[in-house]
Amino acid sequence: MARPEYSIATASAILLLTLALTACQGPPAEAPAPAVSADGPRFVGRQSCAECHPGEDRLWQSSHHALAMQEATETTVLGDFDDAEFTHRGVTSTFFRREGGFFVRTDGPDGEMREYEVEYTFGAVPLQQYLIELPGGRLQALTICWDTRPEREGGQRWYHLYPDEEEVDAGDPFHWAGPLHNWNYMCAECHSTNLRKNYDAEQDRYDTTWSEIEVSCEACHGPGSTHVEWARAVAREDTPPAVEHMGLAVRLTDPDRDTWLVNTETGKGIRLAPPVETAEIATCARCHSRRSAFDDDYVFGRPLGDTHRLALLDEGLYHADGQILEEVYVHGSYIQSRMHAAGVTCSDCHDPHSGYLIFAGDRVCDRCHATTMFDTPEHHFHQAGTEGSRCVDCHMPPKNYMVVDPRHDHSLRIPRPDLSLELGTPNACNDCHDDRSFDWAADKVAEWYGPDRRAEPHYGEALQAGRRLQVDGEAALVDLIADLEAPAIARASAVELIPAFLTPGSLGAVEGALSDADPLVRRAAVAALEAVDPATRLRLAAPLLTDPVRTVRMRAARTLADVPSAETTPSQRSRIDAALAEYEEAQRFNADRSEGRLRLGWLELRRGNAAAAEREYRTALEMAPWDPAPYVNLADLYRATNREAEGERVLREGLDRALETAGIHHALGLLLVRERRMDEALVHLEMAAGEGAGSPRYAYVYGVGLNSAGKPAEALAVLKRTHQAFPADRDVLVGLVTISRDSGAMTDAVAYARKLATLVPDDAGVQRLLTELEPGSG
C-alpha cells in the first residue's frame, strides 16, 4: 500500500485543532480553583492538567515509565530480586526481597559488603537502574542494571555499566557510590518536576525536593496555577484573567510552524517564514543536552544559558566533525543540523507528550522529503526494506550508551567517508561495512553521487586543524568563525581553539565574535580574551558584563577578574563585581562538586584571600582524591605563599591517589627545578611528557629541561617529535630555534625560525630573531 502523503501544515493543523477542542471543553465546573501565590504562578500537579487534557495525559501515562523515577514496588521493579546473583570483577552482588522491600548486598563506599534497600527505580526501557540512599541525603544509582529487553534480544539479565573496566572499586569516581552516580547532581533535574537540589555546603548534605517525582506537564510548560485558574474560569463561563498565553508560563509552539511547502524540484521542505529559535528548543535542551546546571531557579522561556552551560564540540565529547563520541544527549548534535537551520523543531518529529515519533520509521522523514526522490534505491543505493535503505541508517547512525541503549546522532548528516580518511572520524557506510576500508566507502560515494561531492568543505577540517595545532589551523579557524552559514556551535568551538594561535589577525575574528547573535559564540569569544593583555581584555570584554545571557556575563567576569582595579573605571569595576557575584553564586550552587570548590578557590585567590582558597582546594581534594586538579592547584598556592615543601608533599600524595598523573608530574618537575634538584625534576618532566602526549606544553618543558641539564641532542629529539605532531605550536618552535642555534646547527635554526615567522608574521621579536640568524632576511 502506498504511503499517505502528509504535510507538516496538515499534521500540525490536526494537532492544534485537537488541542483547541479539548481546551474549550474545560474542566468540571465544580473543580476547586487553585490558590495563586502572590509571588507568581505555582506548581499544581499533573492531575490539574488532566482535567482539560485527558488525551495528552493518557499519552504521557503510556510512555513516561521509560525514563521515570518511581518508588520501588512490586509494580515498578522489573529486575530479578529472587536471590539473584551477579559477579563482576570478583565482587558478587545479591538481589533479594525482604518484608515487601527490595534489597541488594554489594560493596559499599568503604569497599565492605553490605545490604542496601532499593528506594526508587529509575527508568524502564531498555534498562532499569536502582537508587540507594546513603547518608547526607544522597541517592546513588547502582552501576549494576537490569536489562529490560526481551530475552531473545539479549535482555532479562543483570549487567554492569562498565564491563570493560579493569577495576571500579570503592573510592573510584565510577563506583556506584561515587559522584558520577550521584542522583542529586547528575540525574535528578531531568527525571522529576520542579526539582530543588538544596545542597548545604556547611553540613555537606542534600535536602532535595520535587513537586512530582516524575517528569510531568509542568516540567516543560512551567508552573500551571495561573493557567488552571484561567481554564476553570472559561469552564464556568466567567471572564478569565487577563493573562498572556492562557496563563501558561511559556508558549512552546512556533506560531509559524505551519508555513511549510515541499519544493517539487528538490523534494525538500521549505519554511516560508524565517526560522526562529523557539522556547520549545531551549525547553527540550535543558535535559536533552550535554550541559552543566548552575542554578535550579529555571525561568521558563528564558535562554538556556541563564541556568545551564552547554558543552561545545569539545575533544573527548565529539569527533572533530561534530559526530557524537561521548554521551552528549542530542541537542549539541541537533543544532549542527540542516534541519535546525531550516527551522525544524523537536516536535516536528517527536510527540512531546509520548516521546515517540509522530509517524513510524521513514514516514516521519517523508513529511518534508518527497518519497519519490529520497525513498528509492536511486537515492540510497540499497535494496528497499533492507538495512541501509532507511533514512536513519545513513543520516542518523546510532551509538550504544549504557551498554544497551542505542542513541541516534541528531546532526542528520550526509555520510562522509572522505572525511574519515582525512580526520579518522566514523561514517555510516563503514559502521555497517566494517570489513571494508574508508577508501572503499569514499570511492562508492564518489561513484554514486559524483566526484565533486568528495570536495565539499566541512567545519570538521578546521576543528581538527585547531585541535592538532596544524600550520593552517589559524586561517581555517578564522574562516569558520566568519562563516555565518556554519552552525553556531561549530563556530563557537572554533573560537575556543583560537587562543593557541592568536595573532592580531585572529584577534580581529575574536573581536567580531563578541557581538555574534548566538550566546555560545559570545561566551567562547570572551573566554578567548584571557590570552591577551589586560588593557585589551578590558576594552573588549567589558561590554559583555551586561550581556543578556548569564553564562556570557559570568565568563566575562572571569576573564576580567584579575585586571587591576587601578586600570578600571568605577563603573567598570561595579559591573565586574556584579558579574563576579553571579559567578560565585553559580559555584556555590555546585559546591557539592570538586570543580565548584576549585573555582571558588580560584575566586578567593583573586580576592587575595589565600587562607579561604586553601580551604576550598582542600575540600575539593577530599571530595575527589582521584582528580589531579586539586593537587596541582593547592601546590601552586603553596608555591605562591613560599611553602614549597608542603606543595611537594601534596603533589607526591597526588601521584599515589589520582587516576591521571601527567599534570601532577609536570607540576612536581617544575617544583624540583625551582629547588635545583635537576635530576629528579627530569624524571617527572619525562613522565609528564609521556603520559600527557596530547599536550605539547609538557614536551616543550621537558625539552627545555633536558637542554638546561646539558643534554641538547636529547632536547632536540623531544622537540622535533613534538613539532611533527603539533607543527604550529610556537613554544616548541622557539625551543627548536634557540637550541639549534646554541648547538651550532644554524641551518636548522633558520629553517625553524622561518616557520615561526610564517605563523606570526607581525611579531617583531620573531622578525628580529630571524634577522639575527639570517642577516638580510628582514
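Small disclaimer: the values here were computed from a predicted structure and weren't measured.

## What about the overall build of the protein chain?
1) Next: From N to C terminus, the protein chain includes 35 helices and 17 strands.
2) Next: Its C-alpha atoms give the protein chain a radius of gyration of 29 Å, near enough to 28 Å, the size a compact globule of 778 residues would have.
3) Next: Along the first, second and third principal axes, the C-alpha atoms of the protein chain reach 90 × 65 × 60 Å.
4) Next: Going through the 778 residues of the protein chain one by one, you find that 49% of them count as buried.
5) Next: Taking all contacts inside the protein chain whose residues are at least 6 apart in sequence as the whole, residues at least 24 apart take part in 54%.
6) Next: Total accessible area computed for the protein chain in this model is approximately 37000 Å², and 52% of it derives from carbon and sulfur atoms.
7) Next: The averaged location of the 123 negative side-chain charges in the protein chain is 4 Å from the averaged location of its 77 positive side-chain charges.

## A look at the environment of Val364
1) Next: The residue Val364 is located in helix α10 (residues 363-366) in this model.
2) Next: Among the residues examined, Val364 registers a relative accessible area of 11% and is labelled buried.
3) Next: Considering only alpha carbons, one finds Val364 and Val328, 36 residues apart in sequence, at a separation of 23 Å.
4) Next: Discounting chain neighbours no more than four positions away, the residues touching Val364 are Cys349, Leu357 and Phe359.

## Looking at the packing of helix α30 (residues 678-691) against helix α31 (residues 696-708)
1) Next: Where α30 meets α31, the axes come as close as 8 Å, and the angle between the chain directions of the two elements is 155 degrees. Put simply, α30 runs roughly antiparallel to α31. Here α30 and α31 pass one another in a crossing that is left-handed. Side by side, α30 and α31 meet where Met678, Leu682, Leu685, Glu686, Ala688 and Ala689 of the first sit next to Tyr698, Ala699, Val701, Tyr702, Gly705, Leu706 and Ser708 of the second.
2) Next: Looking at the contact of α30 with α31 residue by residue, the classes come out as 10 nonpolar, 2 polar and 1 charged.

## A closer look at helix α6 (residues 225-235)
1) Next: Counting buried positions along α6 yields 8 of 11 residues, so the element is predominantly enclosed.
2) Next: Buried within α6 we find Ser225, Thr226, His227, Val228, Trp230, Ala231, Arg232 and Ala233.
3) Next: Summarising the contacts, the buried residues of α6 are in contact with α2 (46-50).

## Focus: the packing of aromatic side chains
1) Next: Under the criterion given, the structure shown has 18 aromatic pairs.
2) Next: Each ring, one from Trp146 and one from Trp158, has its centre 5.1 Å from the other, and the planes form 70 degrees; the classification is edge-to-face. Of this pair, Trp146 sits in strand β8 (residues 144-147) while Trp158 sits in strand β9 (residues 157-160), and the two are 12 residues apart along the sequence. The residues Trp146 and Trp158 share a single accessibility class, namely buried.
3) Next: A ring pair is formed by Phe381 and Trp448, whose centres lie 4.6 Å apart and whose planes are at 0 degrees; its orientation type is stacked. With Phe381 in the loop between α12 (377-380) and α13 (391-395) and Trp448 in helix α16 (residues 438-449), the pair connects residues that are 67 residues apart, well separated along the chain.
4) Next: What links up through ring pairs into an aromatic cluster is the set Phe81, Phe95, Phe102, Tyr130, Trp146 and Trp158.
5) Next: Above the face of the Phe103 ring, Arg98 is positioned so that its terminal group lies 4.4 Å from the ring centre.

## Quick notes on the pattern of salt bridges
1) Next: In this structure the tally under the stated criterion is 49 salt bridges.
2) Next: For Arg677, the salt bridge is made with Glu648, and the minimal N-O distance between the two is 3.0 Å. Placement of Arg677 in the loop between α29 (662-674) and α30 and of Glu648 in helix α28 (residues 644-657) is noted, with a sequence separation of 29 residues between them.
3) Next: The exposure class assigned to Glu648 is buried, which follows from its relative accessible area of 15%.

## Regarding the state of the cysteines
1) Next: Here the structure, examined in full by the defined rule, presents 1 disulfide.
2) Next: In this model Cys190 forms its disulfide with Cys287; the gap between the sulfur atoms is 2.3 Å. The disulfide joining Cys190 to Cys287 has a torsion of about -95 degrees about its S-S bond and is therefore left-handed. With Cys190 in the loop between α4 (183-186) and β10 (199-200) and Cys287 in the loop between α7 (279-285) and β14 (291-293), this residue pair connects regions lying 97 residues apart in the sequence.
3) Next: The class for Cys287 is partly exposed, based on a relative accessible area of 26%.
4) Next: Lacking any disulfide linkage, Cys391 is separated from the closest cysteine sulfur, that of Cys365, by 3.8 Å.

## A look at the side chain of Asp172
1) Next: As for its placement among the helices and strands, Asp172 is situated in the loop between β9 and α4.
2) Next: Nearest to the buried, unbridged Asp172 among oppositely charged side chains is Arg89, at 11 Å.

## Examining the confidence of the model for the protein chain
If pLDDT is low for a region, its predicted coordinates should not be looked at in detail.
1) Next: Here the protein chain shows a mean pLDDT of 91. Residues at 70 or above account for 93%.
2) Next: Scored below 50 in pLDDT, residues 1-38 shows 53 contacts in the model against residues more than four places distant or in partner chains.

## What about empty space enclosed by the protein?
Empty space among the atoms can be located by rolling a probe the size of a water molecule over them.
1) Next: Counted according to the given criterion, the structure contains 3 cavities of 30 Å³ or more.
2) Next: Counting residues per element, the ones that place at least two in the lining of the largest cavity are β2 (84-88), β3 (91-98) and β4 (101-107).
3) Next: Grouping the constituent residues of the lining of the largest cavity by class yields 6 nonpolar, 6 polar and 3 charged.

## Quick notes on the side chain of Asp516
1) Next: Position of Asp516 relative to the elements: it lies in the loop between α20 (504-513) and α21 (519-528).
2) Next: Discounting chain neighbours no more than four positions away, the residues touching Asp516 are Leu484, Arg491, Val521 and Arg522.

## Focus on the environment of Ala751
1) Next: Tracing the backbone through its elements, the reader meets Ala751 in helix α34 (residues 746-759).
2) Next: When its relative accessible area of 35% is taken as the criterion, Ala751 is described as partly exposed.
3) Next: For the pair Ala751 and Ala84, spaced 667 residues apart in sequence, the C-alpha separation works out to 69 Å.

## Focus: the nonpolar core
1) Next: One finds Val495, Val510, Leu529 and Leu545 to be the most contacted residues of the largest nonpolar core, which totals 114 residues.
2) Next: Ranked by residue count, the leading element in this core is α34, at 7 residues.
3) Next: Setting aside residues no more than four positions away along its own chain, Leu529 makes contact with Leu507, Val510, Leu514, Arg537, Leu540, Ala541 and Thr559.
4) Next: Phe95, Ile132, Leu142 and Trp158 belong to the second largest nonpolar core, which has 18 residues in total.

## As for the pairing of β8
1) Next: Alternating positions in β8 separate into two faces, Ile144 and Trp146 on one and Cys145 and Asp147 on the other, with burial throughout.
2) Next: Sheet topology places strand β6 (residues 127-134) next to β8; 2 bridges connect them, and they run antiparallel. Across the sheet, residue Gln128 finds its bridge partner in β8, namely Trp146.

## A closer look at a negative patch on the surface
1) Next: Residues Asp164, Glu165, Glu166, Glu167 and Asp169 make up a contiguous surface patch of negative charge.
2) Next: Checked against the element boundaries, Asp164 lands in the loop between β9 and α4.
3) Next: For Asp164, a relative accessible area of 67% gives the class exposed.

About the criteria used
- Residues numbered from 1 in each chain as written.
- Predicted model: local features only at pLDDT ≥ 70, side-chain atom pairs only at ≥ 80, totals over all residues.
- Heavy atoms only, no water.
- Helix = DSSP H or I, 4+ residues; strand = E, 2+ residues; numbered from the N terminus.
- Rg over C-alpha atoms; globule rule 2.2 N^0.38 Å.
- Buried < 20%, exposed > 50% of the residue type's maximum accessible area, 1.4 Å probe, protein only.
- Contact = heavy atoms within 4.5 Å.
- Areas by Shrake-Rupley, 256 points an atom, 1.4 Å probe, with all protein chains shown as cover.
- Lys, Arg positive; Asp, Glu negative; His and termini not counted.
- Charge placed at Lys NZ, Arg CZ, Asp CG, Glu CD.
- Axes fitted to C-alpha atoms, helices over the stretch in contact; angles between N-to-C directions.
- Parallel < 35°, antiparallel > 145°, perpendicular 65-115°, else oblique.
- Left-handed = near helix turned anticlockwise from the far one by under 90°.
- Nonpolar A, V, L, I, M, F, W, Y, C, P; charged D, E, K, R; others polar.
- Phe/Tyr/Trp six-rings, centres within 6.5 Å; stacked < 30°, edge-to-face > 60°.
- Lys NZ or Arg CZ within 6 Å of the ring centre and 35° of its normal.
- Salt bridge = Lys/Arg side-chain N within 4 Å of Asp/Glu carboxyl O.
- Disulfide = S-S within 2.5 Å.
- pLDDT = per-residue confidence, 0-100.
- 1 Å grid on protein atoms, 1.4 Å probe; cavity = no way out; pocket = protein on both sides within 12 Å on 5 of 7 lines; lining within 4 Å.
- Points joined across faces, edges and corners; volume = space filled by probe spheres on them.
- Core = buried A, V, L, I, M, F, W, Y, C linked by side-chain atoms within 4.5 Å.
- Pairing = 2+ DSSP bridges.
- Patch = residues over 30% accessible without salt bridge, like charges linked within 9 Å, V, L, I, M, F, W, Y side chains within 5 Å.

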